[in-house]
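# Notes for the structure review
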Amino acid sequence: MRGPSGRIARFGRRVHPGRNPLARAGDRVEALLLLLAIAGAILAIPFAAAFGSETYAAQTTRAAEERATRHPATAVSLEAASGQPYSTDGAGAPAAQTSVPAAWFDTRGARHTGEVLVDPGSPAGTRVSVWLDQRGELAAEPLSPSTSAADGVFAAILLWSAITGALVGLYATVRFIVTRFHAAAWDRAWSQARHDSRF
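So, here is what we can say about the structure in this document. Please read these numbers as outputs of a predicted model, since none were measured by experiment.

## Notes on the overall build of the chain
- Looking only at helices and strands, one finds three helices and five strands in the chain.
- Mapped in sequence order, the helices and strands of the chain form the string α-α-β-β-β-β-β-α.
- With 199 residues in all, the chain has 24% of them scored as buried.

Set out below in structure tokens:
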């Protein structure tokens, strides 16, 4: 039988050999391990979801702390940026940004300097939006709610994939060993049959 129904039937026989007299001990071991792998993958879903939820909560707390301790500001470049605003590979894509010295003022009015990213070819005096920490130094932009949610989902998927991958690897290893064992048994049986046919 071909098609989806045929594949489903073959999968059913692999999972549950039943009382089939042709089913070998290795087939039953393989079926049991396949059932355990499927059950393990299903049972891993709530654990992965809980891990993703914890990751989301931790990232949300971190995002709130960053929003409370960082604020936006504007830096002004002190030098012109070298390079061309577009790549020269013929695709017309914007070139990667480059760093130049820049200056900015913190909330107390103190002047700070550092390196900021600007587009290639930007002139001196280019205004750049930056984020500052409580000391007035450059900091990364605070995590957004969407990033926190994405981190939680990614963590859940990653954990579930790791567990499922380990189960699939274990099943594949055992199936390989069982297949080799069956092949060796067939070779011995054929050798014995050829030997018996000479008499």
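Having seen the structure, we can now continue with the description.
## Description of a nonpolar patch on the surface
- Among the surface-exposed residues, Ile38, Ile42, Ile45 and Trp160 lie close enough to one another that they form a single nonpolar patch of about 360 Å² accessible area.
- Turning to its location among the elements, Ile45 is positioned in helix 2 (residues 25-69).

## Overview of the nonpolar core
- Core analysis: the largest hydrophobic core is formed by eleven residues, namely Ala73, Ala75, Ala81, Val100, Ala102, Trp104, Val116, Val118, Val128, Val130 and Leu132.
- Put simply, the parts of the chain that give this core at least two residues each are strand 1 (71-77), strand 2 (98-105), strand 3 (111-118) and strand 4 (127-132).
- Ignoring anything within four residues of it in the chain, the contact list for Ala81 reads Thr98, Val100, Val118, Asp119, Pro120, Gly121 and Ser122.

## Let's talk about the sheet that holds strand 5 (residues 138-139)
- Across the sheet, which stays open at both edges, the five strands sit in the order 3-2-1-4-5 with antiparallel pairing between neighbours. The outermost strands of the open sheet, each flanked by one partner alone, are strand 3 and strand 5.
- Across two bridges, strand 4 lies against strand 5 in antiparallel orientation. Within strand 5, the residue paired with Trp131 across the bridge is Ala139.

## Focus: the pairing of strand 2
- Across two bridges, the pairing between strand 1 and strand 2 is antiparallel. Along strand 2, the bridge assignment pairs Ser77 with Ala102.
- With antiparallel pairing between neighbouring strands as the criterion, strand 2 and strand 3 make up a hairpin whose turn holds five residues, including Gly109 at a positive phi of roughly 90°.

Reading guide: rules and limits
- Residues numbered from 1 in each chain as written.
- Predicted model: local features only at pLDDT ≥ 70, side-chain atom pairs only at ≥ 80, totals over all residues.
- Heavy atoms only, no water.
- Helix = DSSP H or I, 4+ residues; strand = E, 2+ residues; numbered from the N terminus.
- Buried < 20%, exposed > 50% of the residue type's maximum accessible area, 1.4 Å probe, protein only.
- Patch = residues over 30% accessible without salt bridge, like charges linked within 9 Å, V, L, I, M, F, W, Y side chains within 5 Å.
- Areas by Shrake-Rupley, 256 points an atom, 1.4 Å probe, with all protein chains shown as cover.
- Salt bridge = Lys/Arg side-chain N within 4 Å of Asp/Glu carboxyl O.
- Core = buried A, V, L, I, M, F, W, Y, C linked by side-chain atoms within 4.5 Å.
- Contact = heavy atoms within 4.5 Å.
- Pairing = 2+ DSSP bridges.

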